[in-house]
Amino acid sequence: MLASQVGVLCRSSARNLFHPQVGFKSNIVTHTRNAARSTQIGGRVGTKQTSLKEKLMAPVGNNAFGIGRGVVAGSAALGIGALCFYGLGMGGDVGVREKSLMWPQYVKDRIKTTYLYFGGSLCVSAAAATAVFRTPALLRLVSYQGFMGMLVSLGAMVGTSMLCQSIPYTENFGAKQLAWILHSATVGAVIAPLCVLGGPLLTRAAMYTAGVVGGLSSIAVCAPSEKFLSWGAPLGMGFGLVFVSSLAGAFLPPTTVLGAGLYSISVYGGLAIFSGLMLYDTQKVMKKAELTPYYSNPPFDPINSCMSIYMDAINIFIRIAMILANGGGGRKK
């Protein structure tokens, strides 16, 4: 999914850069041709009806992404309301924050270690993306478009993730930590083409991502301990829809009605879905740290626990960067 998102971003950004009014101009040309055709054959046959394929492949209008922006705005308003509601203790139930006062020290240490690995993953990915971007040969390799390029990128990320999760965790630096660094570096290499957007835009995207992740984590901490753990099934279905839309959008330009619809689902819908997954995975990490016995075999694994919230943060960052790269969600006029 990350590979397809980066490919769509690069192509859509290039279109907006060189053809800022492509939708407006294409609409004029299309309407002119339709009017001429109707005038030519109007006396004999009548106006030709537009087929479903022509409607789906027609140029998009200026408000093609209005629904997607509305979904993001509504989700943001809902998140702020939830943060105020649970933060002020109006939920009625005992939240994670209150329960944490009764946790033994080893549970707190587990959560602390998990978030240390989470921060380390982000740093390793950022360093790897910068290194790949500054190496032309590696940048050409990870920027290879098409189905095979996307398949190789997905295979590399999934393969290194499975390798990391299959190795038993030890507190000392060992094979588990090496596989964790390899996976984080692989993800950083895959998103390296985003660096073409420039440092200022990516810095803004990183700041917005930090605010979103911090706000969602605060909601998960203030809410009841199992409030978002029941969201697994609907979030899984939403993730499947976003995944399919991302794959299909890699082969359809966002300048058509169908391509714009898939793009909106992938970007704006994906931002909402991964925000929900951040709530779900945050409470899942805390629940697992609390319920795993102190002398369990295998022991609590902070690396495996951090990988879900790490991928949520990466996907949120990519979508925020895509929105900013397209002028904050709309086409440039």
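Below is a summary of the structure that appears in this document. It should be emphasised that the depicted structure is a prediction, and the values quoted were computed from it without experimental measurement.

### With respect to the nonpolar core
Consideration 1: Grouped together as the largest cluster of nonpolar side chains are 54 residues, with contacts concentrated most on Leu 202 and Ile 318.
Consideration 2: Broken down by secondary-structure element, the contributors of at least two residues to this core are helix 6 (105–133), helix 8 (147–166), helix 9 (175–190), helix 10 (199–222), helix 11 (232–249), helix 12 (257–291) and helix 13 (302–325).
Consideration 3: Here the element with the most residues in this core is helix 13; it accounts for 16 residues.
Consideration 4: Those residues in contact with Leu 202 that lie beyond four places of it in its chain are Leu 194, Cys 195, Leu 197, Phe 317 and Ala 321.
Consideration 5: Among the nonpolar cores identified, the runner-up in size contains six residues, and Val 107, Met 286, Ala 289 and Phe 300 belong to it.

### Digging into the packing of aromatic side chains
Consideration 1: Under the defined criterion, the tally for this structure stands at seven aromatic pairs.
Consideration 2: Measuring from ring centre to ring centre gives 5.1 Å for Tyr 117 and Trp 180, while their planes differ by 90 degrees; the resulting arrangement is edge-to-face. Taken together, the positions of Tyr 117 in helix 6 and Trp 180 in helix 9 put the pair 63 residues apart, joining distant regions of the chain. There is no split in this pair, since Tyr 117 and Trp 180 are both buried.
Consideration 3: Relative to Phe 274, the ring of Phe 239 has its centre 5.9 Å away and its plane inclined at 90 degrees; by these criteria the two rings are edge-to-face.

### Observations regarding the packing of helix 6 against helix 13
Consideration 1: Between helix 6 and helix 13, whose axes approach to 8 Å, the crossing angle comes to 50 degrees. As far as their axial angle goes, helix 13 and helix 6 are oblique. Like other packed secondary-structure pairs, helix 6 and helix 13 cross with a definite hand, here right-handed. From helix 6, Thr 113, Thr 114, Tyr 115, Tyr 117, Phe 118, Ser 121, Leu 122 and Ser 125 reach across to helix 13, where they touch Pro 302, Ile 303, Ser 305, Cys 306, Ile 309, Tyr 310, Ala 313 and Ile 314.

### Considering the side chain of Ser 305
Consideration 1: Structurally, Ser 305 is set in helix 13.
Consideration 2: Under the relative-accessibility criterion, Ser 305 is labelled buried at 7%.
Consideration 3: Excluding residues that lie within four positions of it along the chain, Ser 305 makes contacts with Thr 114, Val 285, Lys 288 and Phe 300.

### Notes on the environment of Leu 139
Consideration 1: Following the sequence through the fold, Leu 139 ends up in helix 7 (residues 136–142).
Consideration 2: Overall, Leu 139 belongs to the buried group, its relative accessible area being 17%.
Consideration 3: C-alpha separation for the pair Leu 139 and Pro 193, spaced 54 residues apart in sequence, amounts to 7.0 Å.
Consideration 4: Filtering out sequence-adjacent residues up to four positions away, Leu 139 remains in contact with Val 132, Phe 133 and Pro 193.

### Some words on helix 9
Consideration 1: Compared with an ideal rise of 1.5 Å per residue, which puts 16 residues at 22 Å, helix 9 spans 23 Å between its outermost C-alpha atoms and is within 8% of the ideal.
Consideration 2: Of the positions making up helix 9, those classed as buried are Lys 176, Gln 177, Ala 179, Trp 180, His 183, Ser 184, Thr 186, Val 187, Gly 188, Ala 189 and Val 190.

### A short note on the packing of helix 9 against helix 13
Consideration 1: Across the interface, helix 9 lies against helix 13 with an axial gap of 12 Å and an inter-helix angle of 10 degrees. Here helix 9 is positioned roughly parallel relative to helix 13, judged by the angle of their axes. Counted together, Lys 176, Gln 177, Trp 180, His 183, Ser 184 and Val 187 of helix 9 and Ile 303, Asn 304, Met 307, Tyr 310, Met 311 and Ile 314 of helix 13 form the full contact between these two elements.
Consideration 2: When grouped by side-chain class, the residues that make up the contact of helix 9 with helix 13 number seven nonpolar, four polar and one charged.

The rules behind each value
Residues numbered from 1 in each chain as written. Predicted model: local features only at pLDDT ≥ 70, side-chain atom pairs only at ≥ 80, totals over all residues. Heavy atoms only, no water. Core = buried A, V, L, I, M, F, W, Y, C linked by side-chain atoms within 4.5 Å. Buried < 20%, exposed > 50% of the residue type's maximum accessible area, 1.4 Å probe, protein only. Helix = DSSP H or I, 4+ residues; strand = E, 2+ residues; numbered from the N terminus. Contact = heavy atoms within 4.5 Å. Phe/Tyr/Trp six-rings, centres within 6.5 Å; stacked < 30°, edge-to-face > 60°. Axes fitted to C-alpha atoms, helices over the stretch in contact; angles between N-to-C directions. Parallel < 35°, antiparallel > 145°, perpendicular 65-115°, else oblique. Left-handed = near helix turned anticlockwise from the far one by under 90°. Expected span 1.5 Å × (residues − 1). Nonpolar A, V, L, I, M, F, W, Y, C, P; charged D, E, K, R; others polar.

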